[in-house]
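Residue strings, one per chain:
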Amino acid sequence: MTCSALLDMLIVFSVIGFCVTNEVWAVRQSVDLHEPTKKSHTMRHRLKRGWIWTQFFIQEEQPAPQNIGQLKSDSDKGDLSIKYVLSGEGAGDVFHIDEFTGKIITLRKLDREEKAFYVLRGQALNRRTNQPVEMGSEFIIHVQDINDNMPQFINEPYVSSIPEMCPVGTTVAQVTATDADDPLYGNNAKLIYSIQQGEPYFSVEPKTGIIVTSWPNMDRETQEKYLVIVQVKDMMGLSGGHSATTTVTISLSDVNDNGPTFQHNLFTFAVAESAPVGTTVGRIMADDPDVGINARMNYSFEEADGSDTFQIRTDPVTQEGVILLVKPLDYESKKRFVMAAEAFNDNVDTRFLSYNEFRDRTTLKIFVEDVDEPPVFTTGEYEWKIQENMAAGTTVGVVSARDSDAANNPVRYYIAKGSDMKREFKIDPDNGTIMIAKSLDREDSAWHNLTVTAKEKKQNFLFSSALVFIKVLDVNDNAPQLSQEYRPYICEGVQSGELVQVISAVDQDDPPEGHHFYFSMVPEKRINPNFTLRDNQDNTASILTRRSSFNRQDRTQYLLPVVITDSGSPALTSTATLTISVCSCQPAGHCPTGGVEAFAISMGLSVPTLIGILVSLLTLTVLSILMLAVWKHRKQRQKKELAREKGTERWDYISEKVLRYSETGVGEADSVACRTVPLRPHPRRRERRLRREEVTASIRMSLRHSYLIGPEDEVFQQFILDRLADADNDPCVPPFDCLHSYAFEGTGSPAGSLSSLGSCASEPNFERPPDPGPRFMRLAPWTGAGEEQTTF
């Protein structure tokens, strides 16, 4: 039973209970009306209630108007003094009451599925006083159901899947239909299910709609999908009822009920003997009608001759058996391989087949094709050792290669040029003997990597290569040396036996037992009166003072030769000379390594002397800068004075030029075509050279008066004046004068000459000409006219 049917039943029961309650209440009210009032002294008889009820039922879908029933009071004498009033659900739009007769009629069709009952209230009023003559009462109008709705399937579409080979009676799916009619009234909503299409494979339970299988061993490989049509009818399936259909899509899922099967008993392949390892030789395939995990299979080789030369793997996409080469082939050794291959399922289900039915076998024949192959070395790499400094022609080793083909062609040997750039080795082309061509030096190169090529003399001239590694063994052929450039020093007043420097040595050789050095003095000068050498037996030596009271005034440096001997066989010796400086050490005992004092020590000068030289250089630098500044200042002052004399103070730079204008016709715009003619050519800049006497005098003056000179000093002032005079009379410095020529302007011009060359001799005439014309408008500012005179 559906939720809507249960809801309708609950509504009906509630209405019935409500009606019964109203009837009981009406009876109690009637009884109360007939009981005497205790507070009244006289007995009064109440009127008996006179409502006349009829059964209010109406079928749905009846055309309007339809008479449902009538309300009538006992007080109604037929004189139309009673007025009947209807209120509640649907009053006025669904139902109408005649206020004179109390008859109730419908105003439109009723639909039970829309509303099953209506709760209304009737009243009888005195028409004149509008007072109730009866107590108001509620009543219910029930809408009776008719079979006017078709059943409908819910939760469509229906799709289901069952495994193939399932037993009869397996539940497939359940279809459900509903009917909007009243399930409690007649058979309008009682449904029956039946199969219209899909028999004999499926059947349906008539009342529940459950679909089950009715055919044994349905095979997915034969038919994978079924469309089952189910019909539902109301009225218990009787004629005259309504019906509906739905389609159920049923798929069969796969089970492993088939094993792999080879379509051929023999597969034949061919592969060249030169094929590299990993080459795909071929593919085989066993058919399996199952799908998914049930169709997954593996392949394997049975133990046989050559089964270790090949390997078979399963392609996860196509489920093919891929045959791969795992070992190199040799046509001369074996020309054919015969093997048995087997295919078997991963997922075995013994409910349908036996274990042996899930596998199948086939035979493979693989033929090896002959290929002309290059020579083959006995080994891919050679490694030899040889001592350095061996004589040229010494044999290092022998490489060997042969043609593996049946022809067995002779081969020749070569050393690749890129592997022996210095040509330190050579090889016998016929027998492969490698010899030294130049003397080897381990310190230059400890390893030599050669590439040797063996090439056939006939047919295709094929070749192959091998690597040769030659290690050069060490020979004691390098003398030891000091590990760094030492700069030892001793302080003045040092005591005897104090440590001056700890020295160590290095050697380019690499003896197997490691380095061990011996330090000593020069044999003929083993006893040094100033220093002594102590070998620390750990590849270091200490230099100690042998006496005290070293003084820089007596001597600033001492030379100490040291003999270093290694432990090679034969032993090699070298002599290094250390320069030990005497230093005026600081209070902490350290010799200054920077600043003026250190620089003085390195130059071999005293500190006062070095300070005097630095002061002199600084004084010369300051004087040079000061003279340059004074000269620039004087030049700027001269320019300002010249500009002030010519009335052009607002110009920062004066350039005397004469412009040449070409003659133009009357009324034409000014067209300036000028060219500059220099008054004198610019001389090339040449370096000013002071006379040797002046330089000598300047330096002498600077040295003597470096601490006494000043701006008020007479010598200083005279020096500055001399330098300024030299600068003024030097034609090699700017500014440079230049001459500008102008075209002839005609005689009798009231404007006169425009050149400023004669401005010093006579005052310029600034009076405006009577009619200068447009061609002189741009020349007005040149004559010194003010802003107000620039417009004509």
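Residues numbered from 1 in each chain as written. Predicted model: local features only at pLDDT ≥ 70, side-chain atom pairs only at ≥ 80, totals over all residues. Heavy atoms only, no water.

Visitor: Describe the packing of aromatic side chains, naming the residues involved and giving the relevant values.
Guide: As enumerated under the stated definition, the model contains 14 aromatic pairs in all. Here the aromatic rings of Tyr382 and Trp384 are separated by 5.7 Å at their centres, their planes lie at 45°, and the arrangement is tilted. Just as Tyr382 is buried, Trp384 falls in that class too. Relative to Tyr558, the ring of Phe531 has its centre 5.8 Å away and its plane inclined at 75°; by these criteria the two rings are edge-to-face. Placement of Phe531 in strand S39 (residues 531-535) and of Tyr558 in strand S41 (residues 557-565) is noted, with a sequence separation of 27 residues between them. The rings of Tyr201, Phe202, Trp215 and Tyr226 are connected pair by pair, giving a single aromatic cluster. Lying across the ring of Phe337, Lys334 places its NZ or CZ 5.2 Å from the centre. Across from the ring centre of Phe550, 4.0 Å away, lies the NZ or CZ of Arg547, which sits over that ring. (Phe/Tyr/Trp six-rings, centres within 6.5 Å; stacked < 30°, edge-to-face > 60°. Buried < 20%, exposed > 50% of the residue type's maximum accessible area, 1.4 Å probe, protein only. Helix = DSSP H or I, 4+ residues; strand = E, 2+ residues; numbered from the N terminus. Lys NZ or Arg CZ within 6 Å of the ring centre and 35° of its normal.)

Visitor: Help me get a handle on the pairing of strand S16 (residues 243-253), residues and values and all.
Guide: Residues Ala244, Thr246, Val248, Ile250 and Leu252 line the buried face of S16, whereas the alternating positions Ser243, Thr245, Thr247, Thr249, Ser251 and Ser253 sit on a face that is not buried. Inspection of the sheet shows strand S15 (residues 225-233) paired to S16 by nine bridges, in the antiparallel sense. Following the sheet pairing, Lys233 is matched in S16 by Ser243. (Pairing = 2+ DSSP bridges.)

Visitor: Help me get a handle on the pairing of strand S32 (residues 433-436), residues and values and all.
Guide: Across three bridges, the pairing between strand S28 (residues 395-398) and S32 is antiparallel. For Gly397, the partnering residue across the bridge sits in S32 and is Ile434. Sheet topology note: the strand S31 (residues 425-427)/S32 ladder contains three bridges and is antiparallel. Counted as the bridge partner of Phe425 is Ile436 from S32.

Visitor: Outline the sheet that holds strand S42 (residues 573-583), supporting the account with residue identities and numerical values.
Guide: Read from one edge of the open sheet, four strands run S36-S42-S41-S38, paired in mixed fashion. Sheet topology places strand S36 (489-491) and strand S38 (518-521) at the edges, where each strand pairs with a single neighbour. Averaged over all pairs of adjacent strands, the angle between strand axes in this sheet comes to 35°, irrespective of strand direction. Where S38 meets S41, four bridges bridge the pair, whose relative direction is antiparallel. For Phe519, the partnering residue across the bridge sits in S41 and is Ile564. (Axes fitted to C-alpha atoms, helices over the stretch in contact; angles between N-to-C directions.)

Visitor: So, the sheet that holds strand S24 (residues 336-345): which residues are in play, and what are the values?
Guide: Reading across from one edge, S18-S25-S24-S21 is the order of the four strands in this open sheet, with mixed pairing throughout. Either end of the sheet is taken by a strand with one partner, and the two such strands are strand S18 (266-272) and strand S21 (297-301). Direction aside, neighbouring strands of the sheet carry axes that sit 30° apart on average. In this sheet, S24 lies alongside S21 in antiparallel orientation, the contact comprising five bridges. Within S24, the residue paired with Met297 across the bridge is Asn345.

Visitor: Please set out the pattern of salt bridges residue by residue, giving values where relevant.
Guide: A full pass over the atoms with the stated rule returns 18 salt bridges. When the shortest N-O distance is used, the salt bridge between Arg361 and Glu302 registers 2.8 Å. Of this pair, Arg361 sits in strand S25 (residues 359-369) while Glu302 sits in the loop between S21 and strand S22 (310-314), and the two are 59 residues apart along the sequence. In this structure Arg361 comes out as exposed when scored by relative accessible area, which is 51%. Residue Glu302 is classed as partly exposed on the basis of its relative accessible area, which comes to 30%. In this structure, Arg442 and Glu443 form a salt bridge, with 3.1 Å as the shortest nitrogen-oxygen distance. Judged by relative accessible area, Arg442 falls into the buried class, the value being 14%. One network of salt bridges, in which partners are shared, links Glu302, Glu342, Arg359 and Arg361. (Salt bridge = Lys/Arg side-chain N within 4 Å of Asp/Glu carboxyl O.)

Visitor: Outline the state of the cysteines, supporting the account with residue identities and numerical values.
Guide: This model, assessed by the stated rule, comprises one disulfide. Paired by a disulfide, Cys491 and Cys585 hold their sulfur atoms 1.7 Å apart. Between Cys491 and Cys585, the S-S dihedral sits near -90°, and the bridge is therefore left-handed. Here Cys585 lies in the loop between S42 and helix H2 (595-603) and Cys491 lies in strand S36, a separation of 94 residues in the sequence. (Disulfide = S-S within 2.5 Å.)

Visitor: Let's hear about the side chain of Asp349: which residues, and what values?
Guide: By the secondary structure assignment, Asp349 is in the loop between S24 and S25. Among the polar contacts made by the side chain of Asp349, one reaches the side chain of Arg351 at a distance of 2.8 Å. Excluding anything up to four places from it in sequence, Asp349 contacts Asn256 and Phe358. (Polar contact = N/O pair within 3.5 Å; in protein donor to acceptor, adjacent residues only side chain to side chain. Contact = heavy atoms within 4.5 Å.)

Visitor: Lay out a nonpolar patch on the surface in plain terms, naming residues and giving numbers.
Guide: Taken together, the side chains of Ile613, Leu614, Leu617 and Leu620 define a hydrophobic patch exposed on the protein surface, amounting to about 330 Å² of accessible area. Looking at where Leu617 falls in the secondary structure, it is placed in helix H3 (residues 607-645). (Patch = residues over 30% accessible without salt bridge, like charges linked within 9 Å, V, L, I, M, F, W, Y side chains within 5 Å. Areas by Shrake-Rupley, 256 points an atom, 1.4 Å probe, with all protein chains shown as cover.)

Visitor: Explain unusual backbone geometry residue by residue, including any values.
Guide: Between Glu156 and the following residue, Pro157, the backbone shows a cis peptide bond with an omega angle of -5°. Not every positive phi belongs to a glycine, and Arg423 is a case in point at roughly 55°. Along the chain, the position of Arg423 falls in the loop between strand S30 (411-415) and S31. Among the residues examined, Arg423 registers a relative accessible area of 61% and is labelled exposed.

It is worth stressing that arrangement in space is one thing and function is another; only the former is reported here.
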